[in-house]
Amino acid sequence: MALSASLPAATRRDVLRDELLATVSLLKQRRAAEIAEGFVDDYIALHWMEWHGGSLRLTTTGENVCRHLKALLSRSTDRKAA
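Residues numbered from 1 in each chain as written. Predicted model: local features only at pLDDT ≥ 70, side-chain atom pairs only at ≥ 80, totals over all residues. Heavy atoms only, no water.

*Asks:* Help me understand the nonpolar core in this model?
*Replies:* For soluble globular proteins, the rule of thumb is that nonpolar side chains tend to be buried together. Leu16, Leu20, Tyr43, Trp48 and Met49 are the most contacted members of the largest nonpolar core, which has 15 residues in total. Every element with two or more residues in this core is listed here: α1 (9-28), α2 (39-45) and α3 (60-81). For this core, the element with the most residues is α1, which contributes four residues. Residues within four places of Tyr43 in sequence aside, it is in contact with Leu16, Glu19, Leu20, Thr23, Trp48 and Met49. (Core = buried A, V, L, I, M, F, W, Y, C linked by side-chain atoms within 4.5 Å. Buried < 20%, exposed > 50% of the residue type's maximum accessible area, 1.4 Å probe, protein only. Helix = DSSP H or I, 4+ residues; strand = E, 2+ residues; numbered from the N terminus. Contact = heavy atoms within 4.5 Å.)

Here is the structure:
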C-alpha cells in the first residue's frame, strides 16, 4: 500500500517521522493496537518497518531515522537547558 492519500506525501512523511518514536514505544510495550490507523502500512511503504515472523520491527532505515530524531531531541533539550 502506498502512503495515505489524505495528506500530500511530504506532509504525511513529516507526520510519520514526528510519530515514529511514540510508535516504536508502543511496539516495545506490546500496544500495537494503539498505533494510529494507516501508520503501519505507511511505515512499511517507507521501508522504516517490516514484518518479521509475525512481528513488526524497525528496518535499518527505521533505526537510522530513530537515531536521527533522538539526536535532534537531545540537541533541542541541550539548547533549552543552556
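*Asks:* How should the confidence of the model for the chain be read in this particular structure?
*Replies:* Interpretation of this model should avoid reading the predicted coordinates in detail wherever pLDDT is low. The pLDDT averaged across the chain works out to 88; a share of 85% of its residues lies at or above 70. Per-element confidence in the chain is highest for α2, whose mean pLDDT is 96, and lowest for α3, whose mean pLDDT is 89. (pLDDT = per-residue confidence, 0-100.)

*Asks:* What is the right way to read the packing of aromatic side chains from this model?
*Replies:* Each pair of aromatic rings is reported with the distance of its centres and the angle of its planes. Following the criterion strictly, the structure yields two aromatic pairs and no others. Seen in terms of ring centroids, Phe39 and Tyr43 are 6.0 Å apart; in terms of plane orientation they differ by 85°. Their pairing is edge-to-face. Of this pair, Phe39 and Tyr43 both sit in helix α2, four residues apart, which is roughly one turn of that helix. Each residue in the set Phe39, Tyr43 and Trp48 is aromatic and connected to the rest through ring pairs, giving one cluster. (Phe/Tyr/Trp six-rings, centres within 6.5 Å; stacked < 30°, edge-to-face > 60°.)

*Asks:* Any chance you could explain the pattern of salt bridges here in plain terms?
*Replies:* When charged atoms on two side chains of opposite charge get close, those side chains can pair. On inspection of all chains with the given rule, the structure shows six salt bridges. Across the pair Glu34 and Arg31 runs a salt bridge whose closest N-O atoms are separated by 2.6 Å. A relative accessible area of 47% places Glu34 in the partly exposed class. Where Arg57 meets Glu50, a salt bridge forms, and the shortest distance between an N and an O atom there is 2.9 Å. A residue is classified by how much of its surface remains accessible, and Glu50, at 30% relative accessible area, is partly exposed. (Salt bridge = Lys/Arg side-chain N within 4 Å of Asp/Glu carboxyl O.)

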